[in-house]
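# Chains, contacts and geometry: an overview
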Amino acid sequence: MASIPKRLCTHRNIFCSKNAVHDKMPSLLRQLKTDSPDFSAQLDALLDRDQVFDTHVEKTVREIIGKVRQYGDQALLDLTAQYDGLRCKEPADLEIDPSECENALSRIDVGLRRSLEHAADRIRQFHTRQRETSWHYEQEDGTRLGQQIRPLERVGIYVPGGTASYPSSVLMNSVPARVAGVDEIVMTVPASGGQCSDAVLAASRVAGVDRVFQIGGAQAVAAMAYGTGTVPRVDKIVGPGNRFVAEAKRQVFGQVGIDMIAGPSEVVVICDDSADPDWVAIDLMAQAEHDKQAQSILICPDSRQIERVRLAVNRLLPQLDRHSVITASLQARGAVILVDSLYEAIAIANRIAPEHLQLMVDEPEELLARVRHAGAVFCGHYSAESLGDYCVGPNHVLPTAGTARFSSPLGVYDFQTRSSVIRCSAQGAADLSEIAITIAASEGLTAHAQSAAFRNRPPAKD
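## Focus: the overall build of the protein chain
If you tally the helices and strands in the protein chain, you get 19 helices and 15 strands. Projected onto its principal axes, the C-alpha coordinates of the protein chain cover approximately 100 × 65 × 45 Å. Across the 462 residues in the protein chain, those meeting the buried criterion constitute 48%. Considering only residue pairs separated by 6 or more positions, the protein chain has 74% of its internal contacts joining residues 24 or more positions apart. Of the roughly 22,800 Å² of accessible surface on the protein chain, 50% is carried by carbon and sulfur atoms. Taken together, the 48 basic and 58 acidic charged side chains of the protein chain have centroids lying 1 Å from each other.

As structure tokens, this is what we get:
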């Protein structure tokens, strides 16, 4: 096994166990140690994603989808009144006039408008580099092969709006779709308490959304998946939401495409003693303030640094507006993991496959090369995950719950389809027919074999 450079290894110490004063101080974050015999079982329990789902959600969502499919617009009127407190007389009232979105852009603070426009520009610059174009090549026998890439016709964007407004979600979901060339972008957002956020409506104008509906929850997903008299059917639904929205996307998948089934947000921070404990602490708490099911995990090879971070959490927490949510999140799903080295930290991070991975070390590139599974990787002390949430450029819609093992951030490629294009020449068909006939015969598909064989002789003439 290759030796580990000294700067990537900090030997364990027993600071916490020797100092009784620190032992007795309460900590919101449970501590795991990789040298514990039951570490693997403890980590599995910490990462048990099933615990965050309510068994009643699936049934409730199925009933809501059924109502929307059967009763269409009337179901949307009833469910929107029931869940969002918005009572509309006519289905047309569910759609927000484009002029109202334009007015919202004028009403918001000038600083917020400039920030939204600047963020949108950075997101656009990044995603423009993802755009793919059609291609082809020609073989020696004259056969032409290629791939035709086209944008989706209509996309549905779901934007959360229950306890807070998220204009950043509007930008992150809509801008890549517009870059891809999608013909029409439809957005749904719940009008909590009967009113939509000006910031969200303004962001829809900045991002180029075509139509906005004040509908939320599973009913919004169902409406976009199946269509109603008022809400058009879309080809794909993207955007985060609560567990009812996530379950609705799961149930309509196949009827429409979806980006992913998002779980609670999560971050893994890997740090050594070069990191500012306050920076580490606030980044852990920034993730925890999303909701009580969010997960923040610190992995560090230095127990003294872990103690500094723990004390920083205790000191900074009371100053934060959502301290009760953060407390609940850290106590239920947060943890610190003491490891032997930063390389071991990366191995554990790969096992977790987190949505966000922060490498708060002086030379993150060496660790980055070993990262296999992460939705987004933030390298160095200045790359706060919160910057990625809003304005750096890469998408903040990321795989959660370990799905970074096999899926990727939302991007322009999610709003494009690919068609294989084949044009065989006469010589190409003749050359390939024997191969196709042989394989078809082994599968017992004689019509396939005949179809290939027919191409190896001149076509019949009238």
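The rest of the description comes next.
## A look at the pattern of salt bridges
Across all of its chains, the model carries 18 salt bridges by this definition. Here aspartate 44 and arginine 351 are joined by a salt bridge, their closest N and O atoms 2.9 Å apart. One end of the pair, aspartate 44, is in helix H3 (residues 39-46); the other, arginine 351, is in helix H15 (residues 342-352), with 307 residues separating them in the sequence. Given a relative accessible area of 44%, aspartate 44 falls into the partly exposed group. Overall, the relative accessible area of 37% leaves arginine 351 in the partly exposed class. Notably, a salt bridge pairs arginine 107 with glutamate 100, separated by 2.7 Å at the nearest N-O pair. Connected through salt bridges with shared partners, the residues Glu58, Arg62, Glu247 and Arg250 form a single ionic network.

## Description of helix H18 (residues 426-442)
In this model H18 runs 25 Å from its N-terminal to its C-terminal C-alpha over 17 residues, within 8% of the 24 Å that 1.5 Å per residue would give. Where H18 bends most, the angle comes to about 35°, and this point is leucine 432. Residues Gly428, Ala429, Ser433 and Ala440 constitute the buried set of H18. Taken together, the buried residues of H18 touch helix H19 (446-454). Looking one or two places after H18, you find glycine 444, whose phi comes out positive at around 75°.

## Observations concerning the packing of aromatic side chains
On inspection of all chains with the given rule, the structure shows two aromatic pairs. Between tryptophan 135 and tyrosine 137, the aromatic rings sit 6.5 Å apart at their centres with planes inclined by 10°, giving stacked as the arrangement. On the basis of relative accessible area, tryptophan 135 is assigned to the partly exposed category, the value being 43%. Taking 5.3 Å as the distance between ring centres and 70° as the angle between the ring planes, the aromatic pair formed by tryptophan 279 and tyrosine 382 counts as edge-to-face. Residue tryptophan 279 is located in helix H12 (residues 277-288), and its partner tyrosine 382 is located in the loop between strand E14 (376-379) and helix H17 (385-390); the two are separated by 103 residues in the primary sequence.

## Quick word on the side chain of aspartate 283
On the secondary structure map, aspartate 283 appears in helix H12. The buried charged residue aspartate 283 lacks any salt bridge, with arginine 315 as its nearest oppositely charged partner at 13 Å. Not counting residues within four places of it along the chain, the set of residues in contact with aspartate 283 comprises Val267, Gln358, Met360 and Ala384.

## Observations regarding the nonpolar core
Of all hydrophobic cores here, the largest spans 70 residues; its most connected members are Val170, Leu171, Met187, Val212, Ile237 and Phe415. Non-local contacts of valine 212, meaning those with residues more than four positions away in its chain, are made with Leu94, Glu95, Ile96, Cys101, Met187, Val189, Leu201 and Ser204.

## Quick word on the packing of H12 against helix H13 (residues 303-316)
H13 packs onto H12 with a crossing angle of 60° between their chain directions and a minimal axis gap of 8 Å. Classified by the angle their axes make, H12 and H13 are oblique. Here the hand of the crossing between H12 and H13 comes out right-handed. Of the residues in H13, those touching H12 at Pro277, Asp278, Val280, Ala281, Leu284 and Met285 are Gln305, Arg308, Val309, Ala312, Val313, Arg315 and Leu316.

Quick notes on the rules
- Residues numbered from 1 in each chain as written.
- Predicted model: local features only at pLDDT ≥ 70, side-chain atom pairs only at ≥ 80, totals over all residues.
- Heavy atoms only, no water.
- Helix = DSSP H or I, 4+ residues; strand = E, 2+ residues; numbered from the N terminus.
- Buried < 20%, exposed > 50% of the residue type's maximum accessible area, 1.4 Å probe, protein only.
- Contact = heavy atoms within 4.5 Å.
- Areas by Shrake-Rupley, 256 points an atom, 1.4 Å probe, with all protein chains shown as cover.
- Lys, Arg positive; Asp, Glu negative; His and termini not counted.
- Charge placed at Lys NZ, Arg CZ, Asp CG, Glu CD.
- Salt bridge = Lys/Arg side-chain N within 4 Å of Asp/Glu carboxyl O.
- Expected span 1.5 Å × (residues − 1).
- Bend = angle between axes of the 7 residues up to and from the residue.
- Phe/Tyr/Trp six-rings, centres within 6.5 Å; stacked < 30°, edge-to-face > 60°.
- Core = buried A, V, L, I, M, F, W, Y, C linked by side-chain atoms within 4.5 Å.
- Axes fitted to C-alpha atoms, helices over the stretch in contact; angles between N-to-C directions.
- Parallel < 35°, antiparallel > 145°, perpendicular 65-115°, else oblique.
- Left-handed = near helix turned anticlockwise from the far one by under 90°.

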